[in-house]
Amino acid sequence: MPDIYTDIIIKGGVVAFPTETVYGLGASAWNPEAIRKIFETKGRPTDNPLIVHVASPEMVSDFAAEIPDEATALMEAYWPGPLTLIFKKKKEVLDIITAGLDTVAVRMPKHPIALAFIRQTGPLVAPSANTSGKPSPTKPEHVTEDFGEDFPIIRGGACQVGIESTVLDVSEKPFEIYRPGFINRLDIEKIIHQEIHPYRPHKKTDKPKSPGMKYTHYSPDAEVHWLGDDEKPEENNTLYLYHHLPDDLNASKHIVDYHGDFEQMTRELYDRFRQADKDNIHSIAIQQFIEISDNELLIALNNRITKAIGKK
Ligand code: TXA
Ligand code: MG
């Protein structure tokens, strides 16, 4: 790990770095001025709290006032990995991180570069390294698109998961999923031997428990819609994403067939969104999922696509 990036953080700057989910925009969790730069760089509303990234479960005790036994079991099972836990916060945790809430979100990312970096810098707060409103970055070039060629970024290839971490509130029982992700409800229940609240999409009028979920995210400039029953792919200005391409159609540059590989579809979703905008594609049609409840990953994928559709 080149020291220049560690130096930037120690001197109160921000650096983009890879995680297994999406690229993060990191600043020291103990430096309010540095954290303010994150909000400025992204154009992020300050009522949207940030996730603290740690390099070991032990580091959680600097932030969490209480760590329930079930949370310890989840950390043992899934950390490092794409699971963010929300704890009651210690009073030392900066208000700018939590947007004034009495809870704090913490996760230990799985990418070796992220872990090595955090070991050198100490805990980092890091939202996704995109301009607010754009799809989260899953490749270093996505960060450069949003923040410019000269922006400090540690390059670590394409992200393995491709959507943001699952956010689970463990500060109250029953635990509740605020943001669905790669680690799903069944993965969690299997470890804690208790039922949790599944993710409930919030109505616009609800006061969201997780402030970030009220914002439209993940949206390309292209219009995104579910493929209509009798919509036929016409290869003009539309990108078609199929999880199962009907037999009478052939895949092409504009017609993508994932052959039922939903993990790959998840990994590529934001890159497809961004690439469509670069290619001047006007709309993106996505084949609807059938029986979402049978496949937990589809709940997360469906959530991100629905949010991109909801923007228009
Ligand atoms: O995978 C990820 O989680 C990525 C990578 C970089 O680690 N980070 C990420 O951060 O997606 P961000 O800031 O884009 O999303 C954080 C989410 C938001 O929806 C926010 O509202 C929620 O976590 N959150 C953070 N602290 C919270 C808290 N104390 N209570 C409820 N929700 C919280
Ligand atoms: Mg984000």
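For the structure itself, consult the block above.
The model shown is predicted, which means the values in this text are computed figures rather than measured ones.

Chemist: Explanation requested: helix α6 (residues 140-147) in the structure shown.
Modeler: An α-helical turn contains 3.6 residues, so any two residues separated by three or four positions project in the same direction. Most of α6 is tucked away, with six of its eight residues classed as buried. Looking at α6, one finds that the buried residues are Pro140, His142, Val143, Thr144, Asp146 and Phe147. Lining the buried residues of α6 we find β1 (15-17), β2 (24-28), α2 (32-42) and α8 (262-278). Positive phi appears at Gly148, one or two residues downstream of α6, with a value of about 95°.

Chemist: Would you take a moment to explain the sheet that holds strand β7 (residues 166-169) for this structure?
Modeler: Neighbouring strands of a sheet are bound in pairs by backbone hydrogen bonds; such pairs are parallel or else antiparallel. Within the open sheet, the eight strands sit side by side as β1-β2-β6-β3-β5-β4-β7-β8. Their pairing is mixed. The open sheet is flanked by β1 and β8 (176-179), the only strands paired with a single partner. Where strand β4 (residues 83-88) lies against β7, four bridges are found, and the strand directions are parallel. When the sheet's bridge partners are listed, Leu83 is paired in β7 with Thr166.

Chemist: Help me out: how do you make sense of the pairing of β7 in this one?
Modeler: The two faces of a sheet get side chains in turn, since along a regular strand they alternate between them. Of the two faces of β7, the one holding Thr166 and Leu168 and the one holding Val167 and Asp169 are both buried throughout. Relative to β8, β7 runs antiparallel, the two sharing three bridges. Along β8, the bridge assignment pairs Val167 with Arg179.

Chemist: So what exactly am I meant to see when it comes to the nonpolar core here?
Modeler: Considering soluble globular proteins, one finds that nonpolar side chains tend to be buried as a cluster. One finds Leu85, Ile97 and Leu168 to be the most contacted residues of the largest nonpolar core, which totals 59 residues. Excluding anything up to four places from it in sequence, Ile97 contacts Ala29, Ile35, Pro49, Leu50, Val52, Val104 and Val125. Residues Met265, Phe273, Ile281 and Ala308 belong to the second largest nonpolar core, which totals 25 residues.

Chemist: What is the right way to look at the packing of aromatic side chains in this model?
Modeler: The geometry of an aromatic ring pair is captured by two quantities: the separation of the ring centres and the angle between the planes. Applying the stated criterion across every chain yields a total of six aromatic pairs. Ring plane angle 55° and centroid distance 5.8 Å describe the contact between Phe17 and Phe117, whose orientation is recorded as tilted. With Phe17 in strand β1 and Phe117 in helix α5 (residues 112-121), this pair connects stretches of sequence that are 100 residues apart. Taken together, a centroid distance of 5.0 Å and an interplanar angle of 45° make the contact between Phe147 and Phe151 tilted. Taken individually, Phe147 and Phe151 each receive the classification buried, so the pair is uniform in this respect. One aromatic cluster is present, formed by Trp226, Phe262 and Phe289 through successive ring pairs.

Procedures and definitions
- Residues numbered from 1 in each chain as written.
- Chains lettered and ligands numbered in written order.
- Predicted model: local features only at pLDDT ≥ 70, side-chain atom pairs only at ≥ 80, totals over all residues.
- Heavy atoms only, no water.
- Buried < 20%, exposed > 50% of the residue type's maximum accessible area, 1.4 Å probe, protein only.
- Helix = DSSP H or I, 4+ residues; strand = E, 2+ residues; numbered from the N terminus.
- Contact = heavy atoms within 4.5 Å.
- Pairing = 2+ DSSP bridges.
- Core = buried A, V, L, I, M, F, W, Y, C linked by side-chain atoms within 4.5 Å.
- Phe/Tyr/Trp six-rings, centres within 6.5 Å; stacked < 30°, edge-to-face > 60°.

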